[in-house]
Amino acid sequence: MKSNDTPLIPDAVWLEERLGEGSLWRPDEAGLPAELTDARSREFLLTVGFPAVHLDVVGIDTRHLRDEDGLEPFDADEIYGRRYPDDDSPPENFCFTVAIWGDQHLMLDAADGGITHYDPNGWDHGDGWQGPAADSLPLLAVLLGLIAESSTALESADDAVRAAAVTDLRERMIGQDLYVNESAFWDEIFDCLG
């Protein structure tokens with residue numbers, strides 16, 4: 001553990017202390033898609049950057065952000081079932097995959113900057129939307145930093161140390177972002193850690 005002084009909006013130093021030097025993807029203005037209209041998300045990406053890492057301890061992967069089309073816009077209405085299948089009108093609402101865990105996705109809402117859990121296996125109309133997972137991109141970066149900070153204890157061979165680390169991490173993450181407590185995405189992560 002580094003410290004219990006966890007920021008609401010992290011800076012690059014705080015994140016790199018936990019995730020490693022050079023771990024942040026910081027695009028320039030031309031590298032951000034026009035569809036990303038949330039000012040707070042844009043500013044955070046341009047000034048601080050977002051972790052582009054693979055967190056081995058939990059399997060969350062954000063390395064795709066460094067790819068040329070890392071922030072590819074998706075039609076949010078289509079993938080969340082808010083658009084009828086025969087509706088060919090141009091998309092109005094967009095989202096972007098910012099993290100992947102197995103086949104589950106954390107999506108950045110282009111307009112409001114919220115992070116939602118998307119399950120691409122939803123066979124029914126609109127079943128892919130699984131609810132909020134984090135309040136914002138900066139808070140998701142903090143959550144990833146907290147996981148990295150706890151990784152040594154989470155990988156301990158001692159069951160008691162590992163269990164205490166999971167409990168502590170969950171409390172700290174919920175203390176940062178209440179969406180963690182209600183999220184199926186994070187519940188599954190903690191179940192795998194337990």
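## With respect to the overall build of the chain
The helix and strand inventory of the chain stands at eight helices and nine strands. Its C-alpha radius of gyration of 17 Å places the chain within 12% of the 16 Å reference for a compact globule of 194 residues. Residues counted as buried form 52% of the 194 residues belonging to the chain. Partitioning the contacts of the chain with sequence separation of at least 6, the portion at a separation of at least 24 is 55%. Accessible area of the chain: about 9,700 Å², with a carbon and sulfur share of 48%.

## Focus on the packing of helix 4 (residues 137-149) against helix 6 (residues 159-176)
The geometry of helix 4 relative to helix 6 is characterised by a closest axis approach of 10 Å and an angle of 165 degrees between their N-to-C directions. The pairing of helix 4 with helix 6 is recorded here as roughly antiparallel in orientation. The two elements helix 4 and helix 6 cross, and the hand of that crossing is right-handed. Along its contact with helix 4, which presents Leu139, Val142, Leu143, Leu146, Ile147 and Glu149, the element helix 6 presents Leu169, Arg172, Met173 and Gln176. Of the residues that constitute the contact of helix 4 with helix 6, the class distribution is seven nonpolar, one polar and two charged.

## As for the pattern of salt bridges
According to the stated counting rule, one finds eight salt bridges in the structure shown. The partner of Arg42 in a salt bridge is Glu29, and the shortest N-O contact between them spans 2.5 Å. Here the residue Arg42 occupies a position in helix 2 (residues 39-47), and Glu29 occupies one in the loop between strand 1 (24-25) and helix 2, the gap between them amounting to 13 residues. You can call Arg42 buried: its relative accessible area is 16%. On the basis of relative accessible area, Glu29 is assigned to the partly exposed category, the value being 47%.

## Comments concerning the packing of helix 6 against helix 8 (residues 184-193)
Their axes nearest at 10 Å, the elements helix 6 and helix 8 cross at an angle of 165 degrees. Between helix 6 and helix 8, the crossing angle belongs to the class labelled roughly antiparallel. When you trace helix 6 past helix 8, the crossing you get is right-handed. Every residue of helix 8 that contacts helix 6 at Arg162, Val166, Leu169, Arg170 and Met173 is listed here: Trp186, Asp187, Phe190 and Leu193.

## A short note on the nonpolar core
Ile60 and Trp186 are the most contacted members of the largest nonpolar core, which has 52 residues in total. With nine residues, helix 4 is the largest single contributor of residues to this core. For Ile60, the residues in contact, after removing those within four places along its chain, are Val53, His54, Leu55, Ala99, Ile100, Trp101, Leu144, Ile147, Phe185, Trp186 and Ile189. Counting six residues, the second largest nonpolar core, distinct from the first, contains Ala76, Ile79, Met107 and Tyr118.

Cut-offs used in this document
Counting of residues starts from 1 at the beginning of each chain's written sequence and follows it residue by residue. A pLDDT threshold of at least 70 governs which residues receive local features in this predicted model, and a stricter bar of 80 or more applies before side-chain atom pairs are shown or counted, although totals over entire chains, interfaces and linings include all residues. Calculation of side-chain values draws on the structure's entire complement of heavy atoms; hydrogens and water are dropped beforehand. In this text, helices come from DSSP runs of H or I with a minimum length of four residues, and strands from runs of E with a minimum of two, each type numbered from the N-terminal end. For the radius of gyration, the atoms used are the C-alpha atoms, and the globule rule reads 2.2 Å times the number of residues raised to 0.38. Think of it in three bands: residues with accessible area under 20% of the maximum for their type are buried, residues over 50% are exposed, and the middle band is partly exposed, with areas taken using a 1.4 Å probe on protein chains only. Throughout, a residue-residue contact means that at least one pair of heavy atoms, one from each residue, lies within 4.5 Å. Accessible surface area values rest on a Shrake-Rupley calculation with a 1.4 Å probe, where residue burial reflects the displayed protein chains alone. Axis lines are fitted to C-alpha atoms, over the contacting stretch for helices. Their N-to-C directions set the angle, which ranges from 0 to 180 degrees. When describing relative orientation, an angle under 35 degrees is termed roughly parallel and one over 145 degrees roughly antiparallel, while 65 to 115 degrees is termed roughly perpendicular and anything else oblique. By the definition used in this description, the sense in which the near helix is turned from the far one sets the handedness, with an anticlockwise turn below a right angle giving left-handed and a clockwise turn giving right-handed. Residues were grouped as follows: Ala, Val, Leu, Ile, Met, Phe, Trp, Tyr, Cys and Pro as nonpolar; Asp, Glu, Lys and Arg as charged; and all remaining residues, including Gly, as polar. By definition, a salt bridge exists where a carboxyl oxygen of Asp or Glu is found within 4 Å of a side-chain nitrogen of Lys or Arg. As used in this record, nonpolar core signifies buried Ala, Val, Leu, Ile, Met, Phe, Trp, Tyr and Cys residues forming a set joined through side-chain atoms within 4.5 Å.

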